[in-house]
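What the coordinates show
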Amino acid sequence: MADSNVKPSSTMIRIYPSFTEIRQNVNAKSPHQIYIPQDLFHNIIEGSLNLEGVDLKSMESVLRENNVEGKEIHVFRNKELRKVKMIRSRDSLVQDLQTNRFYNVDRNQIEFSEIPEETGTEVTFIFDKEGPGVLSYLMSGISWKPRYAFNIEGDNNSFQGWADIRNDTMKEYSIDKTELFGGDVSIRQPRHYRAETMMLCAKSTRAYNSDVAVESEGEVAGLYMYSIKNAYSLSPRSTFSLPFAAPTIEMKRIARMRSYFNHTNSKGQSERVYKIKSSEFLPAGTVTVREDGRVVGQSSIGDLSADEFADLNVGSDPEISYQREVKTIVHNKDMSQYEVSVTIKNKKERKIAYEFNENFGGRFEIQAISDNVKIENDHVKTEGEMDSKQQTSLKFGVRFFYRN
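Note that the structure is a prediction, hence the values are computed from the model and not measured. (Residues numbered from 1 in each chain as written. Predicted model: local features only at pLDDT ≥ 70, side-chain atom pairs only at ≥ 80, totals over all residues. Heavy atoms only, no water.)

Description of unusual backbone geometry
Cis geometry is adopted by the peptide bond preceding P31, which originates at S30 and carries an omega value of -5°. Summarising the element assignment, P31 is placed in the loop between β3 (20-28) and β4 (32-37). The backbone phi angle of N100 is positive, close to 65°, even though this residue is not glycine. One can find N100 in the loop between β9 (93-96) and β10 (102-104). A positive phi is found at R237, a non-glycine position, where the angle reads about 50°. For R237, the position within the fold is in the loop between β19 (232-234) and β20 (238-245). (Helix = DSSP H or I, 4+ residues; strand = E, 2+ residues; numbered from the N terminus.)

Structure, rendered in structure tokens:
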């Protein structure tokens, strides 16, 4: 049937945000055949299977039901075990070796003397030059996702990244080297694969290697790469997690309030925001925030460059709030003019940093009435610090134009 099986025993994988590349060294001799079990073949992204390093002339893929066609097997029929030959696997057509007659049997009547291969696809590569080659393909079913633990103790903090390498397939992979990529890579997505979302806890029989570690390799063609240079195995339906980043984080707590202009009075609560700046690039992931050992919320970051700010919004805070009062100055078919007064209150027993933004849409013109109002493109903003049990206010005007 086939000379080799695509189940990697010693291989390199490159895991991108939405797909994985498998690269396996092979000794290629034409015709080179591989047998890919169907559940794995369905994970391979169409058009990506290739044998590199040889002068490839053709490649043929043929669906094989299994490896028992033409082989002698046993069936239990009429309370008797009979020796037969499998003629056609699709409908279990067999030939009785005693009577030479043909008949169909149920699958549960068949007994095998050896474990049959799974239904799969046989791929044959034809080429001129023989020698070492690399079997490569892109697949879904193996992925990696960063997650972060942000721990705050008073004025100190620690930020630990974890790389979760997930194998949603039924195959075990023994891996020599791994590359993990963060960033945006666009490819044609598979038409037939549907990732399973079942989370399982799996016991593994592999020997754990405490030397397995993730190393940062920096930027490669606009992507950020991390590598695992030690060998390990990835069990079926499992997640293998390794620490991969521990940047220095600058952090500031902010009570943020947002409003979108409305000509009626309104009020709202603040959002609890941690504004962070990392000393190194961090790929997009979920961040769990703890203060003094207690979970205070979860947020997420996009791909974050070094020294770039990101906001972790972990929920609302009713003790810091705002109230808007809107006064109509002019309103007609050509334009409207309003005056907005905003009062911000801090009911906490401690000093806080705050930020208020109000956004506008359409054709408008903003006027700062109080000194603490900043006009920035399509919104007004004020920020500062407020002592315990204090309040502050701001005032601005806005005109909306309805005709050119």
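Notes on the confidence of the model for the protein chain
Scored by pLDDT, the protein chain comes out at a mean of 87, with 91% of its residues at no less than 70. Segment residues 1-9: pLDDT under 50, and 37 contacts once partners within four positions in sequence are set aside and those in other chains are kept. Across residues 190-208, where pLDDT falls below 50, the model places 26 contacts with residues more than four positions away in sequence or in other chains. (pLDDT = per-residue confidence, 0-100. Contact = heavy atoms within 4.5 Å.)

A word on the sheet that holds strand β15 (residues 156-167)
One open sheet accounts for five strands, arranged β20-β15-β14-β23-β24; its pairing is mixed. Since the sheet does not close on itself, it has two edges, and those belong to β20 and β24 (294-301), each with one partner. Within this sheet the neighbouring strands show an average axis-to-axis angle of 25°, counted without direction. Where β15 meets β20, seven bridges bridge the pair, whose relative direction is antiparallel. If you follow N167 over to β20, its bridge partner there is S238. (Pairing = 2+ DSSP bridges. Axes fitted to C-alpha atoms, helices over the stretch in contact; angles between N-to-C directions.)

Looking at the packing of aromatic side chains
Counted under the stated rule, the structure contains 20 aromatic pairs. With a centroid separation of 4.6 Å and an interplanar angle of 15°, the aromatic rings of Y16 and F19 are classed as stacked. Ring geometry for F360 versus F400: centroids 6.4 Å apart, planes at 50°, classification tilted. A residue pair is termed long-range when its members are at least 10 positions apart, and F360 in the loop between β27 (352-359) and β28 (364-368) and F400 in strand β31 (residues 391-401) qualify at 40 residues. These aromatic residues form a ring-pair network of at least three members: W144, Y148, F150, F159, Y226, F244 and Y274. Between R77 and the ring centre of Y103, over which it is positioned, the NZ or CZ distance is 3.8 Å. (Phe/Tyr/Trp six-rings, centres within 6.5 Å; stacked < 30°, edge-to-face > 60°. Lys NZ or Arg CZ within 6 Å of the ring centre and 35° of its normal.)

Details of the environment of F181
Structurally, F181 can be placed in strand β16 (residues 173-182). Those residues in contact with F181, other than ones at most four positions away along the chain, are R14, I15, Y16, P17, W144, L223, Y224 and M225.

Observations concerning the pattern of salt bridges
Enumeration over the complete set of coordinates arrives at 30 salt bridges. One salt bridge connects E21 with R14, and the closest N-O pair in it is separated by 3.4 Å. One network of salt bridges, in which partners are shared, links R14, E21, R23, E52, K177 and E179. (Salt bridge = Lys/Arg side-chain N within 4 Å of Asp/Glu carboxyl O.)

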